[in-house]
Amino acid sequence: MTTLLYTHPVCLEHDPGLHHPESPARLRAVLAALSSSQFAELDRREAPKAALEDLLRVHPRHHVERILKAVPMAGHVAIDADTVLSAASGRAALHAAGAVTAAVDAVVGKEADNAFCAVRPPGHHAEPDRAMGFCVFNNAAIGALRAREVHGLERVAVVDFDVHHGNGTQAAFETDENLFYASTHQYPLYPGTGAADETGVGNIVNVPLRPMSGSGPFRRALSERVLPALDDFRPRLVIISAGFDAHRSDPLAQLMLDESDYVWVTEQLVELAYRHAEGRLVSTLEGGYDLQALGASAAAHVGVLMAA
Ligand SMILES: [Zn+2]
């Protein structure tokens, strides 16, 4: 039983500027937490760059070209109020997406049971034709479409427990009944989408949670809404948008989860993957802005993947 860990040094170089919450220190915290002896068995791999054709399954060509052309030689370029590019951002975004496509290839190819992609920039707010919310390309959606179109997996689900709604993944999936997107998120909160009545073609499940909800409502949302819908969908691959900003210590939200909730939800999704997808599961880092909580939560998550 093996778990892969994909990352790339350039993901530490993407620099949205001083005091930006989506800082290189986030990834350093995750990698430091995964460097203890408990994680010695991780199969560590350098993430390749995503191929242009992988990006184009989600994003229109003119949009990809516009983003990559906007990357500055030095200094910063703001795409919107909170999405900022530095010189390394284009390469970081390509390696972040490439981590997920490589992880999909390896897990489908039975090189490992599952994989965690420790990358940034994150992806779930990136819509097909719009980078936003700290996100450049939609890493999870790019991996899902590669699984389907290159590997022929009929149905792929993305489950997103980041505290924010993954508007980008929803936008990429909402008209395709062979893709499934489920999200628990604080509501109302950025980006404003994710109401329960946003259901796509029956393939989107949004469970908005009130601020201060905590463990009970989160676990009920999964048990009563998300997991039954996933069992009906029968995914052949499970991709997790693993944001850890629903943690009680997070400065950007108030959902009041802790590490034990991340252990629990990961166990549920590993079991789901074994019920329907021969255990195939790829997880990719999204948000999480308290460095201590982020490291501890990512470690708790990966620990469950390794025990699968
Ligand atoms: Zn988030």
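About the criteria used
- Residues numbered from 1 in each chain as written.
- Predicted model: local features only at pLDDT ≥ 70, side-chain atom pairs only at ≥ 80, totals over all residues.
- Heavy atoms only, no water.
- Phe/Tyr/Trp six-rings, centres within 6.5 Å; stacked < 30°, edge-to-face > 60°.
- Helix = DSSP H or I, 4+ residues; strand = E, 2+ residues; numbered from the N terminus.
- Buried < 20%, exposed > 50% of the residue type's maximum accessible area, 1.4 Å probe, protein only.
- Expected span 1.5 Å × (residues − 1).
- Bend = angle between axes of the 7 residues up to and from the residue.
- Contact = heavy atoms within 4.5 Å.
- Salt bridge = Lys/Arg side-chain N within 4 Å of Asp/Glu carboxyl O.

Draft legend 1. Spotlight on the packing of aromatic side chains. Summed over all chains, the structure comprises 5 aromatic pairs. Plain terms: the ring middles of F161 and Y262 are 5.6 Å apart, the flat faces sit at 40 degrees to each other, and that makes the pair tilted. Highlighted residues: F161 in the loop between strand 6 (156–160) and helix 6 (167–173) and Y262 in helix 8 (residues 259–276), separated in sequence by 101 residues. The pair F161 / Y262 is uniform in exposure class, with both members buried. For the pair F180 and F233, a centre-to-centre distance of 5.0 Å together with 35 degrees between the ring planes defines the contact as tilted. One end of the pair, F180, is in strand 7 (residues 179–186); the other, F233, is in helix 7 (residues 215–233), and 53 residues separate them in sequence. F233 shares its class with F180; the two are buried. Taken together, the ring pairs connect F161, F244 and Y262 into an aromatic cluster.

Draft legend 2. Spotlight on helix 7. Here helix 7 is 19 residues long and its end C-alpha atoms lie 25 Å apart, about the 27 Å a rise of 1.5 Å per residue gives. At L222, helix 7 is deflected by roughly 35 degrees, the largest bend along its length. In this structure, the buried residues of helix 7 make contact with strand 6, strand 7, strand 8 (204–209) and helix 8. After helix 7 finishes, the residue R234 shows a positive phi value of roughly 55 degrees.

Draft legend 3. Quick look at the pattern of salt bridges. Tallied over the full model, the rule gives 16 salt bridges. Residues D105 and R146 are paired through a salt bridge, measuring 2.7 Å at the closest nitrogen-oxygen approach. Placement of the pair is D105 in helix 4 (residues 89–108) and R146 in helix 5 (residues 139–149), with a sequence separation of 41 residues. We classify D105 as partly exposed; its relative accessible area is 24%. One salt bridge in this structure joins R236 and E278, with 3.3 Å as the shortest N-O distance. Separated by 42 residues along the polypeptide, R236 in the loop between helix 7 and strand 9 (237–242) and E278 in the loop between helix 8 and strand 10 (281–285) bring together distant segments of the chain. When salt bridges with common partners are traced through the structure, they connect D54, R57, D105, R146 and E149 into a single cluster.

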